[in-house]
Amino acid sequence: MIRTATTSWIAIATSISFLFFSSPRKSYYHNLFLSISDNASISEHLFSITRRPHVAGTQANEEAADYVLSTLVSSNIQSHIGSYEVLLSYPVSRSLTLTREATDPPITFDLRQEIYAGDPYADVASEVLPTFHAYAKSGTVSGPLVYVNYGRVEDYDKLKEMGVNASGAIALARYGKIFRGDIVENACVAGAVGVVIYVDRKDYGGGGDEKWFPDGKWMPPSGVQVGTVYGGNGDPTTPGWPSIRVCERLTDEEVQKRDDIPQIPSLPVSWADGDTILRSIGGPVAEEDWQGGTGAPVYKVGPGPGVVELSYQGKQVISKIQNVIGIIEGAEEPDRFVILGNHRDAWTFGAVDPNSGTATLLEVAQRLGKLQKRGWRPRRTIVFCNWDAEEYGLIGSTEWVEENRELIASRVVAYLNVDSAVSGPGFVASATPQLDDLLKQATQQVQDPDNPSQTIYETWLGSSNNTMIGRLGGGGSDYAAFVQHVGVPSTDMSFGDGYPVYHSVYDDFIWMKNFGDPEFHRHVAVANLWGLVALQIADKEILPFNYLSYVNELQRSAEVVEVEVSDKGINLIPLFKSIEELRKAAIDINNQIKAIEGNKGWISIWKKNSWKVRELNDRLTMAERAFTDRDGLPGRPWYKHLIYAPSKHNDYGSKSFPGIDDAIEAAKSQTTAESWQSVQHEVWKVSRALTHASLVLNGKFT
């Protein structure tokens, strides 16, 4: 009897001690995280990383990796570098010559971005690669010019209506609207023998009287947007498996036969060169929305009389790339991971793309390092990933995901991406829908850097962007492998949505300091949001996921499909039924969460509900995986996600139900019963995936 009483007293005393002498609540540390921001530190990081151009595979980019690694280690974050051997592309020679009339002397463009007076980076300008398209086909081609607007499928349809044929021609396209690799692919399909892509002054140069850099934010006349034209993800020699040092690889001939490798040469040029080329084109006058801005010539579509000879010679080299990985181990659930990712490699200096994100990543890491010194440890493990070779085709992140696929699929709770953290004003966010509510809650806790009297959320509500949160179906950044290949709940965020000097030599620290974010307050805001979302997911006992948001999004997407196939005899009952099943499962799991949270106190202290919480969190995490299909999309097997993937003709574009969308597009073109039956098959396929997700959320066998 005395032993029992003593034991009871010890238990009560231990409980009282836990209540009154335990470490501060997680919310204390979350508020502390927001209070220790440092815009000067972010500025210093950005200045240091962008002192030299640092393309993937170069010594300068290795030095940038060392800087990131040392910063993480100095914050007491266990870190290492993970390397891969991948195929990268570099220019050897290129030339572009225009013949306007038979009697006129030809014009040979110098294809050079000018250094401006007083440029502080003039001493390292020679390290900038000559303007080129990565993985462009080598060769020399010539032909009459045809102006193809943005080079979209619908633009070629318009040319066909006008009686203009691009076959055998050099296509002149302007940047914008779609991925440059798709511009080249669409030109090839149309029969063009080569492509010249220019930055139109209307879109990038201010359009008329605006000042260009360094006096204004706009692209100077000689500015060129470089970038990849490879349409795949990851190392082209190892499709679907990691490019470790000793591994199976496709041969050069096999790589060249891939559908996502360009089959015709291409070159990027400036708006000044584009203007000269446009003045050499005759033929029918282009439509109004194909025209340029103030001071531009009248755009005509050709063909000719201007003729261009385009020559490009590149080299493709197996090169070492380096991902930097940092880990803060979780206290209660160290085997569950929350990943923060940003890439480091840049085509030139990369002050916006991507190193505004890299500097912000380091700021988040340093703040979390300070929290650790105050006694904080996350419930779940936080992983920092600084990717390499993103610009070439999301290579660093894709190889890492392919190498760690099973571990990611079984243990990663969420992936939080920031690419270009800041390019201007205005908050922009995308996510898989179960994270919508969390993003909105976080924006209610962070001040708008451009209007301190209100939160980012309040500014968001007052903007013209009623949809608020975009989706992650596009292939524009490193979330692609996590969402579209494995099925991991993910987010992406930034301030600003595009900027004029994108992928040019003028994307440097001076542009950021003068035009992008002079006080670095927007960088701080991104760090606040990124870190707060990470802390909420890493620390909350029950994951803050709400699948009702997903259901509502799926319902809207299904209604769009319903309109598209209204008179085609497609049965959508299975799709709508599966969405309703998912709605019931989402409501049920939300009720379970409320019940557990309502029973906190002594039960929570004694951990009697811990197994229930663990099992419920697994269901919340794994439901996203259920939206994937092991065989992937028809003709695009790497893309496993049946809800979100890039548009077939625009890698940057996001499509809901991409398999259904691709099938509808094919059926409209082929107009056969068999092609519409393929649409029905894709409807059934998505319906089955949604049913699987419902079963996962329910957590019970049938």
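Structure shown above.
Now for a description of the structure that goes with this document. Keep in mind it's a predicted model, so treat the numbers as computed, not measured.

To continue, consider unusual backbone geometry. Residue Gly304 is joined to Pro305 through a cis peptide bond whose omega torsion reads 5 degrees. Geometrically, the link from Asp353 to Pro354 is a cis peptide bond, its omega value of 10 degrees lying close to zero. Residue position: Pro354 is located in the loop between strand 10 (333-343) and helix 10 (355-373). Positive phi is not limited to glycine here, since His503 has a value of about 60 degrees. Phi at Phe520 is positive, roughly 60 degrees, even though this residue is not glycine.

Assignment of secondary structure puts Asp388 in the loop between strand 11 (380-387) and helix 11 (390-393). In this structure the side chain of Asp388 is engaged in a polar contact, spanning 2.7 Å, whose partner is the side chain of Asn61. Of note is the side chain of Asp388, whose polar atom sits 2.8 Å from the backbone nitrogen of Gln322. The residues touching Asp388, leaving out its near neighbours within four places in the chain, are Ala56, Asn61, Ile321, Gln322, Asn323, Arg344, Asp345, Ile395, Gly396 and Ser397.

Let's shift gears to the pattern of salt bridges. Per the stated rule, a full pass over the model turns up 31 salt bridges. The closest approach of N and O atoms between Glu114 and Arg112, which form a salt bridge, is 3.5 Å. We classify Glu114 as partly exposed; its relative accessible area is 35%. Classification of Arg112 as partly exposed rests on a relative accessible area of 48%. Ionic pairing is found between Asp275 and Arg279, a salt bridge with its closest N-O pair at 2.7 Å. The exposure class assigned to Asp275 is partly exposed, which follows from its relative accessible area of 21%. The exposed category is assigned to Arg279, whose relative accessible area is 53%. Because the salt bridges share partners, they merge into one network encompassing Glu333, Asp335, Arg336, Arg379, Arg380, Arg614 and Asp618.

Moving on: the packing of helix 20 (residues 573-598) against helix 22 (residues 610-625). Any two packed helices are characterised by how steeply their axes cross, that is the angle between the axes, and by the distance between the axes. Contact geometry for helix 20 and helix 22: axes closest at 11 Å, N-to-C directions at 150 degrees. If you check the angle between helix 20 and helix 22, you find them roughly antiparallel. You can see that helix 20 and helix 22 cross each other, and the crossing is left-handed. Judged by residue contacts, Ile589, Gln592, Ile593 and Ile596 of helix 20 engage Lys612, Val613, Leu616, Arg619 and Leu620 from helix 22. Grouping the amino acids of the contact of helix 20 with helix 22 by side-chain chemistry returns six nonpolar, one polar and two charged.

Rules used in this analysis
Residues numbered from 1 in each chain as written. Predicted model: local features only at pLDDT ≥ 70, side-chain atom pairs only at ≥ 80, totals over all residues. Heavy atoms only, no water. Helix = DSSP H or I, 4+ residues; strand = E, 2+ residues; numbered from the N terminus. Polar contact = N/O pair within 3.5 Å; in protein donor to acceptor, adjacent residues only side chain to side chain. Contact = heavy atoms within 4.5 Å. Salt bridge = Lys/Arg side-chain N within 4 Å of Asp/Glu carboxyl O. Buried < 20%, exposed > 50% of the residue type's maximum accessible area, 1.4 Å probe, protein only. Axes fitted to C-alpha atoms, helices over the stretch in contact; angles between N-to-C directions. Parallel < 35°, antiparallel > 145°, perpendicular 65-115°, else oblique. Left-handed = near helix turned anticlockwise from the far one by under 90°. Nonpolar A, V, L, I, M, F, W, Y, C, P; charged D, E, K, R; others polar.

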